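Close look at the chain arrangement
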Amino acid sequence: VAIVLVWPRAPSWEVRRLSADVSPTNSSNRHADFGSALAAALAVPSTSQVEVWNWNFLPMSTGRGSFLVKYVGDTLAVGVLEPARFGARGVAEVIAHGNVTISPGLIEGLVDALHPTYEPHVSVTGSVPIRANILWGLDADVDFQCSVHINVMLLLKNPSSAVLAHDCTYSYYS
């Protein structure tokens, strides 16, 4: 019975809110015209609220984690995951802060592929320390690798709805 209770179960998640600071006051986005914007990389700070379900029979907590988002080999974003606490078989909100870097090469690739129905896959990898909150505590690190299917048009119109699907694998180690 004890083995069943502590056997790790993969979490599930869904993006609830995605926002990015593309305002003119974001100093890294100030350019005289669109042409000069295409010639330089744009740096856009972003914040995501992700609802994560803990399917384990033990309460969990996470430390600060990190993640990397890639599209066709180009780094699209790097960021951190804020610590969170999860009840046993419960749900919690995880906040992710990232810096999205849109390079000239990435812009060209997206413009070439831009079509109203274009839905690319991006790769999201990262690591987060976890702790099972029981008397003696079980510490581990979790590496994750996800293929995330996004809708580019929704990313521009309603970013919180842009994630259409995702498939993740998790590796646990201590």
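Here, the structure is the one placed above.
A brief report on the enclosed structure follows. Note that the structure is a prediction, hence the values are computed from the model and not measured. (Residues numbered from 1 in each chain as written. Predicted model: local features only at pLDDT ≥ 70, side-chain atom pairs only at ≥ 80, totals over all residues. Heavy atoms only, no water.)

**Side note on the overall build of the protein**
Summing up its helical and strand segments, the protein has 4 helices and 10 strands in all. When the helices and strands of the protein are placed in sequence order, the string is α-β-α-β-β-β-β-β-β-α-β-β-α-β. Out of the 174 residues belonging to the protein, those deemed buried represent 30%. A separation threshold of at least 6 residues defines the contact pool for the protein, and within that pool the share at least 24 residues apart is 65%. Of the roughly 10,200 Å² of accessible surface on the protein, a fraction of 62% belongs to carbon and sulfur atoms. (Helix = DSSP H or I, 4+ residues; strand = E, 2+ residues; numbered from the N terminus. Buried < 20%, exposed > 50% of the residue type's maximum accessible area, 1.4 Å probe, protein only. Contact = heavy atoms within 4.5 Å. Areas by Shrake-Rupley, 256 points an atom, 1.4 Å probe, with all protein chains shown as cover.)

**Structural notes on a nonpolar patch on the surface**
Where nonpolar side chains cluster on the molecular surface, the patch consists of Val 6, Trp 136 and Leu 138 and spans about 320 Å² of accessible area. Structurally, Leu 138 can be placed in strand 9 (residues 138–150). (Patch = residues over 30% accessible without salt bridge, like charges linked within 9 Å, V, L, I, M, F, W, Y side chains within 5 Å. Salt bridge = Lys/Arg side-chain N within 4 Å of Asp/Glu carboxyl O.)

**A look at the environment of Leu 42**
If you trace the backbone, Leu 42 turns up in strand 2 (residues 42–53). Note on Leu 42: relative accessible area 18%, which makes it buried.

**Remarks on the side chain of Asn 56**
Residue position: Asn 56 is located in the loop between strand 2 and strand 3 (60–62). Residue Asn 56 is classed as buried on the basis of its relative accessible area of 8%. A polar atom in the side chain of Asn 56 sits 2.8 Å from the backbone nitrogen of Arg 9. Here the side chain of Asn 56 touches Asn 54 through a polar contact of 2.9 Å, side chain to side chain. (Polar contact = N/O pair within 3.5 Å; in protein donor to acceptor, adjacent residues only side chain to side chain.)

**As for the environment of Val 152**
Among the structural elements, Val 152 can be located in helix 4 (residues 152–157). The exposure class of Val 152 is buried, given its relative accessible area of 10%. Counting along the chain gives 33 residues from Val 152 to Glu 119, while the straight-line C-alpha distance between them is 6.2 Å.

**Remarks on the packing of aromatic side chains**
Considering all chains together, one arrives at 0 aromatic pairs under this definition. In this structure, Arg 89 is placed above the aromatic ring of Phe 57, and the distance from its NZ or CZ to the ring centre is 4.7 Å. (Phe/Tyr/Trp six-rings, centres within 6.5 Å; stacked < 30°, edge-to-face > 60°. Lys NZ or Arg CZ within 6 Å of the ring centre and 35° of its normal.)

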